[in-house]
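Working through the structure, step by step
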Amino acid sequence: MLFYVSLVLFAAVDRGLTEEDLVFITGGFVPDSNQIMDSYEIYTGHLGENYELCEYKLDKVNDAAAGSAGIYLPNHGLFICGGVKEDGRFAQCSNNNLEEWAYFNYSSSTGLQNGVTESQMLLFKNSKLDPGFLHIGGQSTEEYHSSVFAFEPKKGNNATAWNKIGSFTNTNEGRVFATTIFSSEFNKVAHLIFTPNSITACYCMTEVKFCDADEKNWNCVEFKEEFKHPAGVTTIRISNDEEAAVLLTSSGNYLVTIRDWKYLKPILNLTLISAGGLRNEGSLVTINEVATYFGTDVINDEKVYNAVIQYDYTTDKWNRLESTVSSRRDQTVVVIPESWLCKHTATTASPSTTAACPMAGTCLKQDSRGILWEANFGERVSKNCFLESQEEGAEAFWYCDGCIGGFSTSEPDRSACIDPWIMNVEEMLSNGSSAFSISVSLVNNLAINKDSYGGSILKLGDALTKVLDKRKNEDIDDNDMFTSNLINSTDLIFGTSTGWKEIVVEEERSGVVSKYLEALDYTGFLWAEKKLTRSRSECNVKNSFLFSNLNLIAKVAEVNENNEIEEECFSFGPGTICIPLTKVQEKDMVKCNVLVATMITTKEDKEQDSSFIFPNALPNNPYREDEAQNENYYEGKSVLGKELIGLTINNKTHPISPSDDSPIKITFNHQLYLNKEGCLFTPRTPACVFWSLETSTWSSLGCKVDPLSTRDETICLCNHLTNFGIMLDWEGDAPANDQTLNGITSFLLVFSCIALIMTEVLLRCQRKDARNQLRKVAETNRNILLFIAQTAFLFMAGSYSSVSCTACQVFGGMIHFFWLTFFAWTGVISVTKKMYSVHI
């Protein structure tokens, strides 16, 4: 198992523009005919009339069909599979990641090599965290298939990419529909397949949300139900921790929930919901967490084919939305993220920002590579990745956003730009070169090209894993040097600030971060494995690899006579991570247990408001599992700190889980940090979180802060092994420089100073003064000191951005001194007043 600790700082940070779901509609028949529609439509009617779609580039599907299945996969784009073409033949599969459509065939091992129609596709995540899809059912000629296959794009178009993981009972009764329900309570996923009169739930038998594409890891169980002929299904969230499937059938519509996971087997519950006048012909998908139906309906006694209707769970009603532009039947409807379609514009337009944004203006900026960019507001400009090259296809993009009066991101989008030397590395991987020689090439090229392009970072995330796989089958006595080369290469990549900023889509950046973390632990584990093979003394090897941004310590621990792993701690400068005395279960017993500890410097910006590698906040999405006490760390308010600490045990081959009584303990030593004004501060209010390799986001499930934590260190106690971090609140919810509050403060201070001056003038002008001399002096001194303190405060409020932190601290001390003396003279006045009263 693997876990990391990071320091995350809480600050008020603007999230920028919002992310929206868009709808890609393609194929289908022209109503009342067998002609195929080869066009596509991007539907945005659910976002309101003020929404303006970005400029995007997406070719139409050349092999258009009706009855195709479709899905969007993070990092891989759109996939369309199957369907009936106009000539009656069945279509194969195609993929588009904002380039050209690439076609690939069903593997012969699936039995679907002649193509299918009316199949289903669901998102599938394996332990390598590279998303794929489940391909479920489908019809070819007169036969309905009843198999579930997992397709992994990373493996390419070959037989190994397709793996059967289960089957269901259908007996040629008709089309099936499928969706996925996630259980927060049990941290498990059930893939539900709805046949004409039953439901089959396929799920991973281990207690995780992902599962490798191996049939032995999966189980499919059937539930007999009374409904007839499903016509659509999708998943919605009905509470913070519960999902449900909205099911359309010919006998009524239902809400399907998982009532329990008894013995790790899902127990289902069906509740009848509103039919809403639907004709049960069309596609049902989830858009921005809402079930939305596209297809046939009857309006004013007339049948229409372009209806769009959303289901409101809170009122149990179906509400009509703006219709689609084109009328179709048996079309393919896929929900795609706005950030992907608008990837090369690096913008997302929302109703709150489009109408009020100025359209006239110019962006002019030089990027970190010294290239000058110029564009008009609302314009996406592109440049060749390599200015001296005239080749097409290798382009960088930057969007000029009128809403912010400049380019939308800190650097251009260079996620498609790949350094030429990486092609040589890929050639070495395919031509039989040794893993050691490839590692030498990697570290040498990265040392020379210190700021690799964003696309290079994405490419190297896959290349490192391939190098390690190749190394596993080699038996060469260069173990330490190979490991050092791989860790040094990762260290150089983590220090590539400009390249990380050029991956402007956070989903892509977070996904490749998880790949690097897994490759890093794989490197340490492989070193120990090779060392144990050659070492004469069993379970007694250890080594440290130390670099500027990354430290790694690999050690082997032997179980004692009580089948326990002794307490083990790994110390780094920023903190310590410890595994307690842990009992090893018989089924997971191995004599030598490999532990790999790491410390990574995240290299965040000086202003502390962002980390260019890791996201800076817990995700504000319906799938979050975090405790309510940490709700302030959502919505981009947190800031990632400087270090990440991690530990791998047995590289997941023999999992070891701590008990609630003896959790993993991570101690993080707090440091002084610079805020945006360059002043030193110490963080406070900690909250423990972890980096999820599955979702590539932060979460807080299973972790808490030890009450023994102090201002100087935070101790996290976690009951599971995964990626951990720390969030610290150092600014609270109020921004450091609120213009409204500044204006109110300045007005009141000016008013106070004028009142003080008038008071002194009036007192000096009056002819008779009953005050004694001491009281006169005291009141005059009090007014003068208060006037000086208020004036000094006014001066600093208007000049904070142009003076040093030292000047701020000096003026702060002076202001406090003047206020203290002001209160002292106020005390003197009260004493003299009492003395005067006694004398009278």
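Look a little higher up for the structure.
Here is a short report on the structure shown in this document. This one's a predicted model, so the numbers in the text were calculated from it and none came from an experiment.

**So, a nonpolar patch on the surface**
Taken together, the side chains of Leu-741, Ile-744, Phe-747 and Leu-748 present a nonpolar region at the surface, about 430 Å² in accessible area. Among the secondary structure elements, Phe-747 is positioned in helix 9 (residues 739–765). For Phe-747, a relative accessible area of 58% corresponds to the exposed category.

**Side note on the pattern of salt bridges**
Under the criterion given, the structure shown has 14 salt bridges. Here Arg-237 and Glu-243 are joined by a salt bridge, their closest N and O atoms 3.3 Å apart. The pair formed by Arg-237 and Glu-243 is uniform in burial state, with each residue classed as buried.

**Observations concerning the packing of aromatic side chains**
Considering all chains together, one arrives at 21 aromatic pairs under this definition. Measuring from centroid to centroid gives 5.2 Å for Phe-24 and Tyr-40, while their planes differ by 40°, and the two rings are tilted. A residue pair is termed long-range when its members are at least 10 positions apart, and Phe-24 in strand 2 (residues 21–26) and Tyr-40 in strand 3 (residues 40–43) qualify at 16 residues. Linked through ring pairs, Phe-79, Phe-104, Tyr-106, Phe-133, Phe-151 and Trp-162 together constitute an aromatic cluster. Of note, Lys-383 hangs over the ring of Trp-373, and the distance from its end group to the ring centre comes to 5.4 Å.

**Here's the deal with the sheet that holds strand 13 (residues 162–167)**
Taken together, 4 strands build an open sheet; the order of strands is 8-9-12-13 and the sheet is antiparallel. Two strands lie at the open edges of the sheet, namely strand 8 (120–124) and strand 13, each paired on one side alone. This sheet shows a mean twist of 25° between the axes of neighbouring strands, independent of strand direction.

**A closer look at the state of the cysteines**
For the coordinates displayed, the defined rule picks out 8 disulfides. Cys-688 shares a disulfide with Cys-716; S-S distance 1.9 Å. Handedness here is read from the sign of the S-S torsion; for Cys-688 and Cys-716, about -95°, the answer is left-handed. One end of the pair, Cys-688, is in strand 43 (residues 684–692); the other, Cys-716, is in strand 46 (residues 713–718), with 28 residues separating them in the sequence. The class for Cys-688 is buried, based on a relative accessible area of 3%. Residue Cys-716 is classed as buried on the basis of its relative accessible area of 1%. For Cys-703, the disulfide goes to Cys-718, at an S-S distance of 2.3 Å. Of note, the bridge from Cys-703 to Cys-718 carries an S-S torsion of about 115° and is right-handed in sense. Residue Cys-703 is located in strand 45 (residues 703–705), and its partner Cys-718 is located in strand 46; the two are separated by 15 residues in the primary sequence. On the basis of relative accessible area, Cys-703 is assigned to the buried category, the value being 3%.

**Concerning the nonpolar core**
If you look at the biggest cluster of nonpolar residues, it comprises 52 residues, and the most contacted ones within it are Leu-442, Leu-460, Val-467, Trp-500, Tyr-516, Leu-517 and Phe-614. Breaking this core down by element, the ones donating at least two residues are helix 3 (420–430), helix 4 (435–448), helix 5 (454–472), helix 6 (479–494), helix 8 (506–534), strand 33 (550–558), strand 38 (592–601) and strand 43. Counting residues per element, this core draws most heavily on helix 8, which supplies 11 residues. Judged by nonpolar contacts, the second largest core, of 22 residues, contains Ala-557, Val-559, Phe-570 and Ile-579.

**Some words on helix 3**
The set of residues buried in helix 3 consists of Trp-421, Ile-422, Val-425, Met-428 and Leu-429. Angularly, the buried residues of helix 3 cover 110° about the axis, an arc narrow enough to put them on a single face. Residues of helix 3 that are exposed and angled more than 90 degrees away from the buried face: Pro-420 and Ser-430. Buried-residue contacts for helix 3 involve helix 4 and helix 5. Residue Gly-432 follows helix 3 closely and has a positive phi angle near 95°.

**Remarks on the sheet that holds strand 23 (residues 290–299)**
In sheet architecture, strand pairing relies on hydrogen bonds along the backbone and comes in two forms, parallel and antiparallel. Read from one edge of the open sheet, 4 strands run 22-23-24-25, paired in antiparallel fashion. Pairing within the sheet leaves two strands with one partner each, and these edge strands are strand 22 (282–287) and strand 25 (317–320). With direction set aside, neighbouring strand axes in the sheet form an average angle of 35°. Bridge count between strand 24 (residues 302–312) and strand 25: 4 bridges; the pairing is antiparallel. Paired with Tyr-311 across the two strands is Trp-318, which belongs to strand 25.

**Section: the environment of Gly-499**
Structurally, the position occupied by Gly-499 is in helix 7 (residues 497–501). Every residue in contact with Gly-499, bar those within four places of it in the chain, is listed here: Arg-369, Asp-451, Ser-452, Tyr-453, Gly-454 and Ile-457.

**Considering the packing of helix 4 against helix 5**
At a minimum axis separation of 9 Å, helix 4 and helix 5 run at an interaxial angle of 150°. Here helix 4 lies roughly antiparallel to helix 5, going by the angle between them. For the crossing formed where helix 4 meets helix 5, the hand is left-handed. Residues Ala-435, Phe-436, Ile-438, Leu-442 and Leu-446 of helix 4 form the contact with helix 5, whose own contacting residues are Leu-460, Leu-464, Val-467, Lys-470 and Arg-471. Considering only residue class, the contact of helix 4 with helix 5 consists of 8 nonpolar, no polar and 2 charged.

**Overview of empty space enclosed by the protein**
With a probe scaled to a water molecule rolled over the atoms, the places where space remains empty come into view. Taken as a whole, this structure holds 3 cavities of 30 Å³ or more when the rule is applied. The volume enclosed by the largest cavity comes to roughly 70 Å³. Tyr-72, Asn-75, Trp-340, Glu-507 and Glu-508 are the residues nearest the centre of the largest cavity, which is lined by 13 residues in total. Per-class residue counts for the lining of the largest cavity are 5 nonpolar, 5 polar and 3 charged. Roughly 50 Å³ of volume is contained in the second largest cavity. Surrounding the second largest cavity, Ile-25, Glu-41, Phe-294, Gly-295, Tyr-305, Asn-306, Ala-307, Thr-324, Ser-326, Arg-328 and Gln-331 form its lining. Among the secondary structure elements, those contributing two or more residues to the lining of the second largest cavity are strand 23 and strand 24. Considering every element that reaches the lining of the second largest cavity, the biggest residue donor is strand 24, with 3 residues. For the lining of the second largest cavity, the class distribution of residues is 4 nonpolar, 5 polar and 2 charged.

Cut-offs and rules
- Residues numbered from 1 in each chain as written.
- Predicted model: local features only at pLDDT ≥ 70, side-chain atom pairs only at ≥ 80, totals over all residues.
- Heavy atoms only, no water.
- Patch = residues over 30% accessible without salt bridge, like charges linked within 9 Å, V, L, I, M, F, W, Y side chains within 5 Å.
- Areas by Shrake-Rupley, 256 points an atom, 1.4 Å probe, with all protein chains shown as cover.
- Salt bridge = Lys/Arg side-chain N within 4 Å of Asp/Glu carboxyl O.
- Helix = DSSP H or I, 4+ residues; strand = E, 2+ residues; numbered from the N terminus.
- Buried < 20%, exposed > 50% of the residue type's maximum accessible area, 1.4 Å probe, protein only.
- Phe/Tyr/Trp six-rings, centres within 6.5 Å; stacked < 30°, edge-to-face > 60°.
- Lys NZ or Arg CZ within 6 Å of the ring centre and 35° of its normal.
- Pairing = 2+ DSSP bridges.
- Axes fitted to C-alpha atoms, helices over the stretch in contact; angles between N-to-C directions.
- Disulfide = S-S within 2.5 Å.
- Core = buried A, V, L, I, M, F, W, Y, C linked by side-chain atoms within 4.5 Å.
- Arc of directions from axis to C-beta.
- Contact = heavy atoms within 4.5 Å.
- Parallel < 35°, antiparallel > 145°, perpendicular 65-115°, else oblique.
- Left-handed = near helix turned anticlockwise from the far one by under 90°.
- Nonpolar A, V, L, I, M, F, W, Y, C, P; charged D, E, K, R; others polar.
- 1 Å grid on protein atoms, 1.4 Å probe; cavity = no way out; pocket = protein on both sides within 12 Å on 5 of 7 lines; lining within 4 Å.
- Points joined across faces, edges and corners; volume = space filled by probe spheres on them.

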